Amino acid sequence: MDDIEKLKSDNISLRRELEDERNKLDTVLQSIVDGVYTTDIDRKITFWNKGAERITGFRADDVLGKYCRDILRHTGESGGSLCETACPLEKTMSAQSAIMGKDVYSGTVWGRLVPVSVSCSPIIDKEGDTVGAIEVFRDISGQKQLERQKEDFYSMLTHDLKSPLQVIMGYAELMNSMPPAQLSLNSADFINIILLNCSSMHSLINDFLSISRLESGSMHLDLRKSNLAELAKRVHDNYMPACLKKDISLKASLPDSSRESLLDEKLIERALTNLVSNAIKFTPRHGTVSISLAEVDGSAVMTVSDTGPGISPEDIGLVFEKYYRTKPTAGKDGVGLGLAIVKSIVEAHGGSVAVESAPGKGSDFIINLPIDNPPESR
Ligand SMILES: Nc1ncnc2c1ncn2[C@@H]1O[C@H](COP(=O)(O)OP(=O)(O)O)[C@@H](O)[C@H]1O
Ligand SMILES: [Mg+2]
């Protein structure tokens, strides 16, 4: 009798241990941020974690016991269904080997597809038989969006480099084929056009290189004592001809001279130039662009204001992001790097840049640079 009692109690504690182990495993799988689910050999879902719920919106109660082809409906890059012919679970089970990081799309409760990176393994029992499969899937929407932005960026960059190059080639060929007498009559105009296009290619390449340097953290600040009022005046004077041409009134409200501050003059001039060139580019004819400089609480505050189209509340937080361009200004040339460069330059100086704007109300871009506590030379 004692033996039977002992057997019973051993059995109970064994079951408890098993239950505890299962709970532990369940907790671990539930707390993984990726989507994790298991199926039986027929690909019916037997486990579904919180990560899978978060990515797809389907709750465990909705999917347990259902075929995965009715829930996730994985499709390939081209949009074709994988369930019948190339199901990763089917493949991993039949080959009894793991599949690592395959990019597919997954269905969601919201109807849209989400890009996921899928890894699967077969579940094999003690006898070596396949009894099911486990799939781990990671939401890669962010990565895909970045890839798309990069592709867009490279196609824009090639396009923007190609068009001035075509102009340069066209004029060079024309000059090459002209009789000397005609050439001497026209050469000054042609050379001007060639130089203009060279300079646009040059600034594009410079922007591109700066962004690469900024991204790799290897931007070097060449700090010298500089006068911001003179710097701003220079930028103003540089842009006078462009404003006259576009009938834009370019105003400056600058002190005759400002306190000397330690900064990388070329880079700060570049930041201000980017803001002024944007203001002129996006402001329609007969508008006004103003540059101002003032000292406030130990900081130099440079503002570039315009009477252009303004920026909507949805876009305003994004315009300093690399490659970001708003829809209303899409027709204008540029690749969306200018403001990202301004931000990096200003922040490298320990300052900040902000924008105040609303649609139809113009924009104010404000650079704030510390003068009393300048950055250390890097
Ligand atoms: N002064 C401005 N007025 C209205 N929109 C602006 C202004 N400056 C910048 N933007 C918006 O911010 C985007 C990013 O600017 P930027 O990084 O300089 O890129 P890009 O000039 O190459 O378009 C612009 O494409 C435009 O949509
Ligand atoms: Mg720009």
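Student: Could you clarify how one ought to interpret the overall build of the chain in this entry?
Tutor: Helix and strand counts for the chain stand at 10 helices and 12 strands. Here the chain has a C-alpha radius of gyration of 32 Å; the compact-globule value for 378 residues is 21 Å, and the former is much larger. The 378 residues of the chain split such that 39% are buried. In the chain, 61% of the contacts between residues at least 6 apart in sequence involve partners at least 24 apart. Side chains of the chain give 43 positive and 54 negative charges; the mean places of these two sets differ by 3 Å.

Student: Just checking my understanding: could you explain the state of the cysteines for this structure?
Tutor: What is meant by a disulfide is a covalent connection between two cysteines, made through their sulfur atoms. In total, this model carries zero disulfides according to the counting rule given. Of all cysteine sulfurs, the one in Cys-87 lies closest to Cys-120, which takes part in no disulfide; the gap is 7.3 Å.

Student: In this structure, what is going on with the packing of helix α7 (residues 228–245) against helix α8 (residues 265–282)? I would like to understand it.
Tutor: In helix packing, the relevant descriptors are the interaxial angle and the interaxial distance, both defined with respect to the helix axes. Put simply, α7 and α8 touch, their axes get as near as 10 Å, and they point 35° apart. The element α7 and its partner α8 pack so that their crossing is right-handed. Where α7 abuts α8, its residues Leu-228, Leu-231, Ala-232, Arg-234, Val-235, Asn-238, Tyr-239 and Cys-243 lie against Glu-265, Ile-268, Glu-269, Leu-272, Thr-273, Val-276, Ser-277 and Ile-280.

Student: Can you help me understand the site of ligand 1 in this one?
Tutor: Near ligand 1, the surroundings consist of 20 residues, among which Lys-281, Arg-325, Thr-326, Thr-329 and Gly-336 are the closest. Between ligand 1 and the protein, one listed contact pairs a nitrogen atom with a side-chain N or O atom of Asp-306 at 2.8 Å. The separation between an oxygen atom of ligand 1 and a polar side-chain atom of Arg-325 is 2.7 Å. Summarising the interface, the protein chains cover 97% of the accessible area of ligand 1, which totals 540 Å² for the free molecule. Elements that contribute at least two residues to the shell around ligand 1 include exactly α8, α10 (338–348) and β12 (363–370). Ranked by the residues each element gives to the shell around ligand 1, the list is headed by α8, at four residues. When the residues that make up the shell around ligand 1 are grouped by side-chain class, the tally is nine nonpolar, eight polar and three charged.

Student: I tried to follow the pairing of strand β10 (residues 299–306) on my own but got confused; where do I start?
Tutor: Consecutive residues of a regular strand have side chains that alternate between opposite faces of the sheet. Among the eight residues in β10, eight count as buried, and that is most of the element. The alternating pattern of β10 places Ser-299, Val-301, Thr-303 and Ser-305 on one face and Ala-300, Met-302, Val-304 and Asp-306 on the opposite face, and all of these are buried. The sheet contact formed by strand β9 (residues 288–296) and β10 spans eight bridges and is antiparallel. Bridge pairing in β10 places Leu-293 opposite Met-302.

Student: It is not clear to me how the pattern of salt bridges should be interpreted in this structure. Could you clarify?
Tutor: Side chains that differ in sign of charge can pair as their charged atoms come close. With the rule as written, the count across this model stands at 12 salt bridges. For Glu-21, the salt bridge is made with Lys-24, and the minimal N-O distance between the two is 3.5 Å. Residue Glu-21 and its partner Lys-24 are located together in helix α1 (residues 2–31), separated by three residues, close to a single helical turn. What makes Glu-21 partly exposed here is its relative accessible area of 47%.

Student: Hey, could you run me through the packing of α8 against α10 in this one?
Tutor: The geometry of α8 relative to α10 is characterised by a closest axis approach of 9 Å and an angle of 145° between their N-to-C directions. In this structure, α8 meets α10 at a crossing whose hand is left-handed. For the pair α8 and α10, the contacting residues are Leu-267, Ile-268, Arg-270, Ala-271, Asn-274, Leu-275 and Asn-278 in the first and Gly-338, Leu-339, Ile-341, Val-342, Ile-345 and Val-346 in the second. Considering only residue class, the contact of α8 with α10 consists of nine nonpolar, three polar and one charged.

Parameters at a glance
Residues numbered from 1 in each chain as written. Chains lettered and ligands numbered in written order. Predicted model: local features only at pLDDT ≥ 70, side-chain atom pairs only at ≥ 80, totals over all residues. Heavy atoms only, no water. Helix = DSSP H or I, 4+ residues; strand = E, 2+ residues; numbered from the N terminus. Rg over C-alpha atoms; globule rule 2.2 N^0.38 Å. Buried < 20%, exposed > 50% of the residue type's maximum accessible area, 1.4 Å probe, protein only. Contact = heavy atoms within 4.5 Å. Lys, Arg positive; Asp, Glu negative; His and termini not counted. Charge placed at Lys NZ, Arg CZ, Asp CG, Glu CD. Disulfide = S-S within 2.5 Å. Axes fitted to C-alpha atoms, helices over the stretch in contact; angles between N-to-C directions. Left-handed = near helix turned anticlockwise from the far one by under 90°. Near = heavy atom within 4 Å. Polar contact = N/O pair within 3.5 Å; in protein donor to acceptor, adjacent residues only side chain to side chain. Areas by Shrake-Rupley, 256 points an atom, 1.4 Å probe, with all protein chains shown as cover. Nonpolar A, V, L, I, M, F, W, Y, C, P; charged D, E, K, R; others polar. Pairing = 2+ DSSP bridges. Salt bridge = Lys/Arg side-chain N within 4 Å of Asp/Glu carboxyl O.

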